[in-house]
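These are the residues of each chain, in order.
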Amino acid sequence: MFLPFLSAILGILAFLPFNFFWPFGFIFLAPLFIFFLKEKRFWRLILGAVLFRLIFFLGAVYFTLEPITWFFSFLIFLGLPVSVFIIKKFNSRRPAGRLLFFALPFIWTFFDHLQARYSLLPAYIATAGNSLGSSPFLGLASTGGLITLTFFIALINILIAAMILNFKNKKIAVIFSIIIAIILLISWQISIFQLQKNSLNYKKLKDSLKIAAISVNENFNASRFNQLKSELANRRVGLIIFPEDTFDNSADISGNINLYKNLAKELKTNLAATFDTIQDQKRYNSTVLFDANGEIIGLHNKNRLTFIGEYWPLDWRPFFFDWLLKTNPKFKEYVIFNPQNSYRRGEKKLLELASAKFASLICLEIHYPEDLKEYKKMGARFIINSSSNRWLDVGKEHFLYLSNNLKRIESVWLKMPIISSGVNDLAGIVSPDGKENLIINYETENKNFNISFGEIRF
């Protein structure tokens, strides 16, 4: 089981929140692929896959640790070793490992994304391709998005695995090393070309909108609001974006509506804010769009509800959640502890300004790439993502790094700007050329908030 363990450790390094660790992405799957190619016993294939996934998740996405969601994610991922075993049986009378060698990049990509999509919580930030979100190969996402990057990672890793397996045959090892070098060089040039093309096309867009994206820390309160308002008043913008549940008082629905209504009217600008609403006696997590007169001109209800926090499908809960509540009292409002706080799922819809339609993705909704693609087909010209990361205690910077990688990949893929705003989150714009110069931290010295002023094109 050393090879799966080694792969997990290398994978953890590839996903560290530093822009210079991404090269580990090109080698972290190679030991696991060698294990799959050489191991014949079914139970060891299963055990190796579980060991790899467990160690990798504990080191790369430990901040998402929750037994039920991890269990379902692992269960889906086990389709990978089962497929490996079936291919080996089917290929038993042919040259050993040849079919599996060609199949591994495809079945890895399939199951890596299948578990990310159908896990109870989205796991796209842990897919192999997300490690390249801060790399020079980001431009490859221009065609195919995250799936392309994941397949690219798997392809390089299987070639490295083949080179290692043929290390004693110097001629074959050299051939594989040359192939790998050529693929990397060509892919790097393609990436540069695609990013430059995206940048050129983005700059050619005729319409533009000045925005102010706000992020706050969890200590932000009404006493800081006047300071925030005065900073906003000093800059003229076309849209202000507030975080999800800025004041952590989602129960005060009428208070939120009046607050943002009056602010939009006072600043004479459009304003998007995300908070709880009650519609037909049902609770929704909603982005409300106000115009310069303070009138509500749009409403989007969250379509992808968060497991445990916003919905819980059972009438009982496992014992370990009671321990969680004792150690983290701030979770007391979660639906799993208070069923009366359950949310209803909204429909996918766009919000509309006079100049353009846009999509508002609330919190983890931004972690579903195919949803973003659907919103673009519906006519969205840009995307805003308002979030709240109050649930994070440890690993906050790690989570933000991986989430930002995903946003960069999505923006390059869909050729649309993505605007971020959140509680304990980064604020600013990611543009289709992968640049994020306007991304700023969620707090500054002597303040519990920060504002990113910028301009988007569409």
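See the structure above.
## Notes on unusual backbone geometry
Even without being glycine, Gln-281 reaches a positive phi, approximately 65°. Tracing the sequence through the fold places Gln-281 in the loop between β3 (270-279) and β4 (282-290). A relative accessible area of 81% places Gln-281 in the exposed class. One non-glycine residue, Asn-424, adopts positive backbone phi at about 55°. Examined against the element boundaries, Asn-424 turns out to sit in the loop between β9 (418-423) and β10 (428-430).

## A closer look at the pattern of salt bridges
Inspection of every chain in the model, using the stated rule, returns 10 salt bridges. Glu-231 is paired through a salt bridge with Lys-447; the nearest N and O atoms lie 3.0 Å apart. With Glu-231 in helix α9 (residues 222-233) and Lys-447 in the loop between β10 and β11 (449-457), this residue pair connects regions lying 216 residues apart in the sequence. Between Lys-302 and Glu-310 there is a salt bridge; the shortest N-O distance is 2.9 Å. Among the charged side chains, a network of salt bridges with common partners joins Arg-304, Lys-348, Asp-371 and Glu-374.

## A word on the environment of Trp-413
Summarising the element assignment, Trp-413 is placed in helix α13 (residues 396-414). Exposure remark for Trp-413: the relative accessible area of 13% places this residue in the buried category. As a C-alpha pair, Trp-413 and Leu-146 span 267 residues in sequence and 8.1 Å in three-dimensional space.

What counts, and where the lines are drawn
- The numbering scheme is per chain: residues are counted from 1 as the chain's sequence reads.
- For a predicted model such as this one, the threshold for reporting local features is a pLDDT of at least 70, and the threshold for listing and counting side-chain atom pairs is 80 or more; totals across whole chains, interfaces and linings nevertheless cover every residue.
- Calculated side-chain values reflect all of the structure's heavy atoms, with hydrogen atoms and water omitted.
- The numbering of helices and of strands both runs from the N terminus, where a helix is a DSSP run of H or I of at least 4 residues and a strand a run of E of at least 2.
- Under the scheme applied here, a residue whose accessible area is under 20% of the maximum for its type counts as buried, over 50% as exposed, and between as partly exposed, the area being computed with a 1.4 Å probe on protein chains only.
- What counts as a salt bridge is simple: a side-chain nitrogen of Lys or Arg found within 4 Å of a carboxyl oxygen of Asp or Glu.

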